[in-house]
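Below, each chain spelled out in residue letters.
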Amino acid sequence: MGGYTTLEFETRDSQHILDITSDVRKVVRDSGVSDGLCLIFSMHTTAGITINENADPDVKTDMISGLSRAFPERSDYRHMEGNSHSHLRTSCVGPSQTVIVSDGDLVLGTWQGVFLCEFDGPRRRRVAVKVCEM
Amino acid sequence: MGGYTTLEFETRDSQHILDITSDVRKVVRDSGVSDGLCLIFSMHTTAGITINENADPDVKTDMISGLSRAFPERSDYRHMEGNSHSHLRTSCVGPSQTVIVSDGDLVLGTWQGVFLCEFDGPRRRRVAVKVCEM
Amino acid sequence: MGGYTTLEFETRDSQHILDITSDVRKVVRDSGVSDGLCLIFSMHTTAGITINENADPDVKTDMISGLSRAFPERSDYRHMEGNSHSHLRTSCVGPSQTVIVSDGDLVLGTWQGVFLCEFDGPRRRRVAVKVCEM
């Protein structure tokens, strides 16, 4: 039956890692899929998706800090919009993640959550979610 | 019905980010798949796949520059071929990307394209593409 | 028919890149799937999955060295467990990889293997593998 769901999120800062696990779980439940795969895909080139710790919010702060050090803003980048560091951070974490679906729910480890990673906000962002029975 | 398509590309430089979106789109169209998933997979350990900006070519230049700074060539790497930085950059962007297929086409954001990332060229590279109806 | 397999591995060091290709291949064979996709997913936030060179073990040593330089330990990270660098390296290589299955086996390039990347070991780690006929 094909189809996918588009979720929308408002990010709150230039760099913002936002927990979207419950939103994705709801899409899985509403899909009626029992066993399969779920693809969570950012429709943007300066915002990605990652899976990481859902407990201590300091991890998100440190991840932003660490990505900013690995891929810093630079005055000698050529791209006129001045956000090449945002593109780099997005390709580093990746534009999407794929998760197993079992018994109608995401299969995640105890400490894992799904996160939208904003690297050039704040902005309205769209995330496409496809749940497949397999 | 199983099966996948192997695309071949000639990269032009040591570091080269090559837009392969139209090649992948053609595989999707030729597959006859209407709704599903498309996996784009590099068969190499020093060339990856990413999804990033398709408009300003300066973004590609800056991405190569930024990845080269985050994972520089180093004389103290042990691997005798001297391309450990190429392996690192490949694992950073990833060997593959997965994209939703809807109405017989890739579901990409306005500015998103699919790119083969050469990190140890120039070379002939193979990219496997699998399109699944789901 | 749904379902997935959980593999367990003991890592041997704080940073350890472990070749799990043969374990994943066995899951694919046992699944009876001829053509489709295989998702290999780490259930952890400080251990990821990558695909890289299976030949020279020095590549693994250099990858650990390069990731440690790009995302070093830092005393000014906030997360009290002191392993924010482990979370960063995990999001960089990614928590999972997807590989094409054809004729009942993984489709990998000559030099490609599937690796569990331990970034906060040694520990017992779980990897979920789902093989889908498609």
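Residues numbered from 1 in each chain as written. Chains lettered and ligands numbered in written order. Predicted model: local features only at pLDDT ≥ 70, side-chain atom pairs only at ≥ 80, totals over all residues. Heavy atoms only, no water.

S.K.: Could you give an account of the relation of the copies chain A and chain B, naming the residues involved and the relevant values?
M.R.: With an RMSD of 0.0 Å, chain A superimposes on chain B once it is rotated by 120° and translated 0.0 Å along the axis. As the rotation angle and translation indicate, the two copies are arranged about a three-fold axis. Looking at chain A, a mere 13% of its interface residues are interface residues in chain B too, so the copies touch through different faces. (Least-squares fit on C-alpha atoms with pLDDT ≥ 70 in both. Contact = heavy atoms within 4.5 Å.)

S.K.: Please give an account of helix H1 (residues 21-31) of chain A that cites residues and values.
M.R.: All names here are of chain A. The complete set of buried residues in H1 reads Thr21, Val24, Val27 and Val28. Viewed end-on, H1 has its buried residues packed into an arc of 125°, placing them on one side of the element. Away from the buried face of H1 by more than 90 degrees, exposed residues Ser22, Arg29 and Asp30 are located. Immediately beyond the C-terminal end of H1, within one or two residues, lies Gly32, with a positive phi of roughly 75°. (Buried < 20%, exposed > 50% of the residue type's maximum accessible area, 1.4 Å probe, protein only. Helix = DSSP H or I, 4+ residues; strand = E, 2+ residues; numbered from the N terminus. Arc of directions from axis to C-beta.)

S.K.: Please set out the relation of the copies chain A and chain C residue by residue, giving values where relevant.
M.R.: Superposing chain A onto chain C requires a rotation of 120° together with a translation of 0.0 Å along the rotation axis, leaving an RMSD of 0.0 Å. A different interface surface on each copy is seen, since only 12% of the contact residues of chain A are contact residues in chain C too.

S.K.: An account of the interface of chain A and chain C is needed here, citing residue identities and associated values.
M.R.: Taken together, the 32 residues of chain A in the interface contact 30 residues of chain C. Between chain A and chain C, a total of about 2600 Å² is buried, with carbon and sulfur atoms accounting for 62% of that surface. When the area that chain A buries against chain C is broken down by residue, the three leading residues are Asp62(A), Ile100(A) and Met134(A), summing to 23%. For the pair chain A and chain C, the interface holds one salt bridge. Taking the shortest distance from any N to any O, the salt bridge between Arg69(A) and Asp76(C) comes out at 3.5 Å. At the boundary of chain A with chain C, the tally comes to ten residue pairs in polar contact (both at pLDDT 80 or more). (Buried area = accessible area lost by both parts, 1.4 Å probe. Salt bridge = Lys/Arg side-chain N within 4 Å of Asp/Glu carboxyl O. Polar contact = N/O pair within 3.5 Å; in protein donor to acceptor, adjacent residues only side chain to side chain.)

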